[in-house]
Amino acid sequence: MTLRIAIVGAGPAGIYAADLLLKDAEIPDVSIDLFERLPAPYGLVRYGVAPDHPRIKGIVNSLREILDAGHIRFFGNVNFGTDLTLEDLKKHYHAVIFATGAMRDAVLDIPGIDLPGSFGAADFVSWYDGHPDVPRGWPLDAKEVAVIGNGNVALDVARMLVKRPEDLYPTEVPDNVFRALESSPVTDVHVFGRRGPRHVKFTPLELRELGELADVDIILDERDFSQRDDSQESVPRSKQALVIERIFYLWRQREVGNASRRLHFHFFAQPTEVLGSGSVQALRYKRIGLDSDGQFVPTGEMVDQQVQAVYRAVGYQGSPIKGIPFDEIKGVIPNDKGMVIDKTGQAVPGVFVTGWIKRGPIGLIGHTKSDAMETITSLRDTMDSLWSPTKPDAGAVVDLMAERAVEFTGLAGWHRLDEAEIRRGGLRNKERLKVVGRAEMLELMVPP
Ligand SMILES: Cc1cc2nc3c(=O)[nH]c(=O)nc-3n(C[C@H](O)[C@H](O)[C@H](O)COP(=O)(O)OP(=O)(O)OC[C@H]3O[C@@H](n4cnc5c(N)ncnc54)[C@H](O)[C@@H]3O)c2cc1C
């Protein structure tokens, strides 16, 4: 019997899960359909990873090899929940694996966060990466900008704002984004973190990169480095932490003052309010110190940093999926080793989960491989409780989508889009020129 598996979400988690299923010696005969709501595959590798990170963007090539091996059917522009439902999948497949990732900004509940000029990093990232479902315009009219957060997404946002546009040009940055960045008046970007420089979640490579930006001075506050910080003294420092410490040390020795743009780091700075009437005018934060027990406590000092825009990069959050249990607090689908569980902790037969929607929006692309491994093991171990489809024929689901007039894309369409983007980019000395509008993508991807 052929095991028919649907995977929803064609980001790295979904594609790695498909790959592992195909390689699983204990599941000799498997057929996989991969459904994706965007016309093109690759999830956040295409629409999250920054355009000036070509090495990471290059992961698309290895994901593409998996899709091109000829054993997976890709159906893009198919939204689970509207175009297809759980009931549909039960008729056509033995099981489904949800790999729907996370696209929303986590909430930062401080007064003024909804003022015009205050943005979520996820929206900004979607804009600069040319996500088809976000508006093409972005108000880049602030001279001084605050970025809240001490993780790599905060660094991406800060770097995209402060980097010279001409240095972004050769990348796959979309045309409209390049033009907007070219006319941005930004001079100062301020990055805020509640804890000290020892507690940042940055990775060394991404942090070091900021110090290499042309015409950008890095401004550090010596107070942040002289503050006694023995909160983690008993914890052995990782190699990564030592490298980060060294990067800050070297930056502190640098001469500053000549660059036309500045990137300021504010540590021990907890934002408490976005100030402004009608639009953002400042970010208020409280200074944090350490008490004699090494606990973080407010020092009582409040500071207003003048800025005209605020970007919060405080994490991503998954979205609920119609008909599937969801943990609103964690923003994930509750599961036991990838097997979806209901409120009572019972496994929901035939329903599995992997990637960011399984364990939350943390970790690198590579981590989604180990996620997939665990999920596929769970699927294999529960083979006798999977669904019994009444229409397992491979053509039936295609007929169903045709009946519903779903304008789905396929791998051939992706190849056409990919070639067109690379060709158009080549003509302009760019890696690729991304096609951003959904209608234009579909025109290229779906033959008339
Ligand atoms: C801004 C940013 C920068 C990053 N940079 C790096 C980096 O430099 N290096 C690195 O290793 N990692 C990076 N990451 C992390 C990396 O992107 C994630 O680890 C990885 O993408 C998670 O994979 P995923 O497949 O779980 O989710 P995603 O990549 O989000 O893929 C989920 C897919 O599911 C689709 N989907 C959602 N809902 C539905 C639905 N209802 N129907 C059909 N399809 C649906 C989505 O459209 C999407 O394509 C970055 C993340 C972000 C946010």
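Right above here is the structure, for reference.
Residues numbered from 1 in each chain as written. Predicted model: local features only at pLDDT ≥ 70, side-chain atom pairs only at ≥ 80, totals over all residues. Heavy atoms only, no water.

(A) Representation of the site of the ligand. Neighbouring residues of the ligand: 30 residues in total, closest Ala13, Glu36, Leu44, Trp356 and Ile365. Here a nitrogen atom of the ligand sits 3.0 Å away from a polar atom, N or O, in the main chain of Phe80. Residue Trp356 places a main-chain N or O atom 2.8 Å away from an oxygen atom belonging to the ligand. Expressed as a share of its isolated accessible area of 1,000 Å², the protein-covered part of the ligand is 94%. Among the elements of the structure, helix H1 (12-23), helix H2 (43-47) and helix H7 (152-162) are those that each provide at least two residues to the shell around the ligand. Looking at side-chain class alone, the shell around the ligand contains 17 nonpolar, ten polar and three charged residues. (Near = heavy atom within 4 Å. Polar contact = N/O pair within 3.5 Å; in protein donor to acceptor, adjacent residues only side chain to side chain. Areas by Shrake-Rupley, 256 points an atom, 1.4 Å probe, with all protein chains shown as cover. Helix = DSSP H or I, 4+ residues; strand = E, 2+ residues; numbered from the N terminus. Nonpolar A, V, L, I, M, F, W, Y, C, P; charged D, E, K, R; others polar.)

(B) View of the packing of aromatic side chains. Counting across every chain of the model gives 25 aromatic pairs. Look at Tyr169 and Phe178: their rings are 5.2 Å apart centre to centre, the planes differ by 70°, and that puts the pair in the edge-to-face class. Look at Phe248 and Phe265: their rings are 6.0 Å apart centre to centre, the planes differ by 75°, and that puts the pair in the edge-to-face class. Taken together, the residues Phe248 in helix H12 (residues 239-252) and Phe265 in strand E10 (residues 261-266) connect sequence positions 17 residues apart. What makes Phe248 buried here is its relative accessible area of 1%. Put simply, the rings of Phe119, Phe124, Trp127, Tyr128, Trp138 and Tyr311 pair up and form one aromatic cluster. Over the ring of Phe296 we find Arg195; its NZ or CZ atom is 4.3 Å from the centre of that ring. Taking NZ or CZ as reference, Lys430 lies 4.7 Å from the ring centre of Tyr169, over its face. (Phe/Tyr/Trp six-rings, centres within 6.5 Å; stacked < 30°, edge-to-face > 60°. Buried < 20%, exposed > 50% of the residue type's maximum accessible area, 1.4 Å probe, protein only. Lys NZ or Arg CZ within 6 Å of the ring centre and 35° of its normal.)

(C) Main features of the sheet that holds strand E11 (residues 269-275). An order of E11-E12-E13 is seen for the three strands of this open sheet, with the pairing classed as antiparallel. Bordering the open sheet on either side are E11 and strand E13 (296-306), each of which pairs with just one other strand. The mean angle between the axes of side-by-side strands here comes to 25°, regardless of whether they run parallel or antiparallel. Pairing of E11 with strand E12 (residues 282-290), which is carried by six bridges, proceeds in the antiparallel orientation. Considered in E12, the bridge of Leu275 is made with Ala282. (Pairing = 2+ DSSP bridges. Axes fitted to C-alpha atoms, helices over the stretch in contact; angles between N-to-C directions.)

(D) Summary view of the layout of surface pockets. By volume, the second largest pocket amounts to about 430 Å³. If you go around the second largest pocket, you meet 22 residues; those closest to its centre are Pro197, Arg198, His199, Arg237 and Ala241. Element by element, the count of residues in the lining of the second largest pocket is highest for H12, at seven residues. (1 Å grid on protein atoms, 1.4 Å probe; cavity = no way out; pocket = protein on both sides within 12 Å on 5 of 7 lines; lining within 4 Å. Points joined across faces, edges and corners; volume = space filled by probe spheres on them.)

(E) Up close: the pattern of salt bridges. Enumeration according to the criterion identifies 34 salt bridges in this entry. Among the salt bridges present, the one from Asp19 reaches Lys23, with a minimum N-O distance of 2.9 Å. One end of the pair is Asp19 and the other is Lys23, both in helix H1 and four residues apart, which spans about a single turn. Its relative accessible area of 59% is what places Lys23 among the exposed residues. Across the pair Asp371 and Arg359 runs a salt bridge, and its minimum N-O distance is 2.7 Å. With a gap of twelve residues between them, Asp371 in helix H14 (residues 367-381) and Arg359 in helix H13 (residues 356-359) connect regions that are remote in the sequence. By relative accessible area, which is 7% here, Asp371 ends up buried. We classify Arg359 as partly exposed; its relative accessible area is 29%. (Salt bridge = Lys/Arg side-chain N within 4 Å of Asp/Glu carboxyl O.)

(F) Quick look at empty space enclosed by the protein. The tally for this structure, following the rule as stated, stands at one cavity of 30 Å³ or more. Size it by volume and the largest cavity reaches roughly 60 Å³. When the residues that make up the lining of the largest cavity are grouped by side-chain class, the tally is eight nonpolar, one polar and one charged.

(G) Molecular detail of helix H6 (residues 121-128). Along H6, seven of the eight residues are buried, which leaves the element largely enclosed by surrounding structure. Along H6, the residues classified as buried are Ala121, Ala122, Phe124, Val125, Ser126, Trp127 and Tyr128.

(H) Here's a closer look at the side chain of Ser378. Mapped onto the elements, Ser378 comes out in helix H14. In contact with Ser378, not counting residues within four places along its chain, are Asp336, Lys337 and Phe352. (Contact = heavy atoms within 4.5 Å.)

(I) Spotlight on the pairing of E12. Buried residues dominate E12, accounting for seven of its nine residues. Here E11 hands over to E12 after six residues, with Gly276 in that stretch at a positive phi of 155°. Pairing of E12 with E13 involves eight bridges; the strand directions are antiparallel. Opposite Tyr285, over in E13, you have Val303 as the bridge partner. Connecting the antiparallel pair E12 and E13 is a turn made up of five residues, with Gly294 showing a positive phi of about 80°.

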